[in-house]
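# Architecture and fold: a report
In case you want the letters, here they are:
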Amino acid sequence: MTGARIVGGLFIDMGQQLKNGTWIRHPRARYKCIPCQYVSPEAVGAEAVQRFVATIRADHYASRHTTTSQGAQAA
(Lines give C-alpha, C1' and ligand atoms only; values in the text may rest on other atoms or scores of the structure.)
Protein backbone atom coordinates (compact mmCIF):
# COMPACT_ATOMS: atom_id res chain seq x y z
CA MET A 1 0.00 0.00 0.00
CA THR A 2 2.84 2.34 -0.81
CA GLY A 3 1.81 5.89 -1.66
CA ALA A 4 -1.57 5.74 0.11
CA ARG A 5 -2.35 8.72 2.30
CA ILE A 6 -5.25 10.22 4.18
CA VAL A 7 -6.38 13.51 2.63
CA GLY A 8 -9.53 14.25 4.60
CA GLY A 9 -11.83 13.25 7.38
CA LEU A 10 -15.60 12.91 7.40
CA PHE A 11 -16.98 13.13 10.93
CA ILE A 12 -20.53 11.86 11.50
CA ASP A 13 -22.56 11.81 14.72
CA MET A 14 -25.59 9.61 14.02
CA GLY A 15 -27.59 11.33 16.78
CA GLN A 16 -30.04 9.62 19.09
CA GLN A 17 -33.69 8.98 18.29
CA LEU A 18 -36.45 7.55 20.47
CA LYS A 19 -38.70 4.73 19.25
CA ASN A 20 -41.51 7.26 18.69
CA GLY A 21 -39.30 9.16 16.19
CA THR A 22 -38.43 12.10 18.47
CA TRP A 23 -34.80 13.17 18.22
CA ILE A 24 -32.93 13.55 21.51
CA ARG A 25 -29.78 14.55 19.60
CA HIS A 26 -29.98 15.32 15.86
CA PRO A 27 -27.45 13.76 13.46
CA ARG A 28 -24.51 16.01 12.55
CA ALA A 29 -21.64 15.85 10.06
CA ARG A 30 -18.61 17.89 9.07
CA TYR A 31 -15.62 17.44 6.76
CA LYS A 32 -11.97 18.44 7.15
CA CYS A 33 -9.53 18.55 4.23
CA ILE A 34 -5.97 17.96 5.43
CA PRO A 35 -4.04 19.48 2.48
CA CYS A 36 -5.83 22.86 2.55
CA GLN A 37 -7.02 22.81 6.22
CA TYR A 38 -10.63 23.51 5.16
CA VAL A 39 -13.27 22.65 7.76
CA SER A 40 -16.84 22.61 6.48
CA PRO A 41 -19.82 24.10 8.24
CA GLU A 42 -21.67 21.46 10.23
CA ALA A 43 -24.68 19.78 8.60
CA VAL A 44 -27.45 19.10 11.13
CA GLY A 45 -30.51 16.89 10.76
CA ALA A 46 -31.00 13.48 9.14
CA GLU A 47 -31.80 14.74 5.63
CA ALA A 48 -29.11 17.44 5.68
CA VAL A 49 -26.47 14.93 6.81
CA GLN A 50 -27.50 12.46 4.10
CA ARG A 51 -27.15 15.13 1.37
CA PHE A 52 -23.88 16.42 2.86
CA VAL A 53 -22.25 12.97 3.03
CA ALA A 54 -23.27 12.18 -0.55
CA THR A 55 -21.61 15.27 -2.02
CA ILE A 56 -19.07 16.96 0.28
CA ARG A 57 -15.87 15.38 -0.98
CA ALA A 58 -16.57 15.93 -4.67
CA ASP A 59 -18.00 19.42 -4.06
CA HIS A 60 -14.99 20.45 -1.96
CA TYR A 61 -12.40 19.19 -4.42
CA ALA A 62 -14.21 20.76 -7.37
CA SER A 63 -14.34 24.16 -5.67
CA ARG A 64 -11.04 24.27 -3.73
CA HIS A 65 -8.51 22.00 -5.46
CA THR A 66 -8.09 23.34 -8.96
CA THR A 67 -4.77 23.25 -10.80
CA THR A 68 -4.24 26.94 -10.02
CA SER A 69 -4.76 26.62 -6.26
CA GLN A 70 -2.61 23.50 -6.02
CA GLY A 71 0.22 25.26 -7.83
CA ALA A 72 -0.08 28.24 -5.49
CA GLN A 73 0.07 25.98 -2.44
CA ALA A 74 3.15 24.20 -3.74
CA ALA A 75 4.95 27.50 -4.33
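Notes on the structure follow.

Attention now goes to the pattern of salt bridges. A full pass over the atoms with the stated rule returns three salt bridges. Asp13 is the salt-bridge partner of Arg25, the closest N and O atoms lying 3.2 Å from each other. Placement of the pair is Arg25 in strand E3 (residues 23–25) and Asp13 in strand E1 (residues 8–13), with a sequence separation of 12 residues. Judged by its relative accessible area of 37%, Arg25 is partly exposed. We note a salt bridge from Glu42 to Arg28, for which the minimum N-O separation is 3.8 Å. Linking Glu42 in the loop between strand E4 (28–33) and strand E5 (43–44) with Arg28 in strand E4, this pair joins segments that are 14 residues apart in sequence. Judged by relative accessible area, which is 33%, Arg28 ranks as partly exposed. Overlapping salt bridges bring together Asp13, Arg25, Arg28 and Glu42 as one network.

Procedures and definitions
Residues numbered from 1 in each chain as written. Predicted model: local features only at pLDDT ≥ 70, side-chain atom pairs only at ≥ 80, totals over all residues. Heavy atoms only, no water. Salt bridge = Lys/Arg side-chain N within 4 Å of Asp/Glu carboxyl O. Helix = DSSP H or I, 4+ residues; strand = E, 2+ residues; numbered from the N terminus. Buried < 20%, exposed > 50% of the residue type's maximum accessible area, 1.4 Å probe, protein only.

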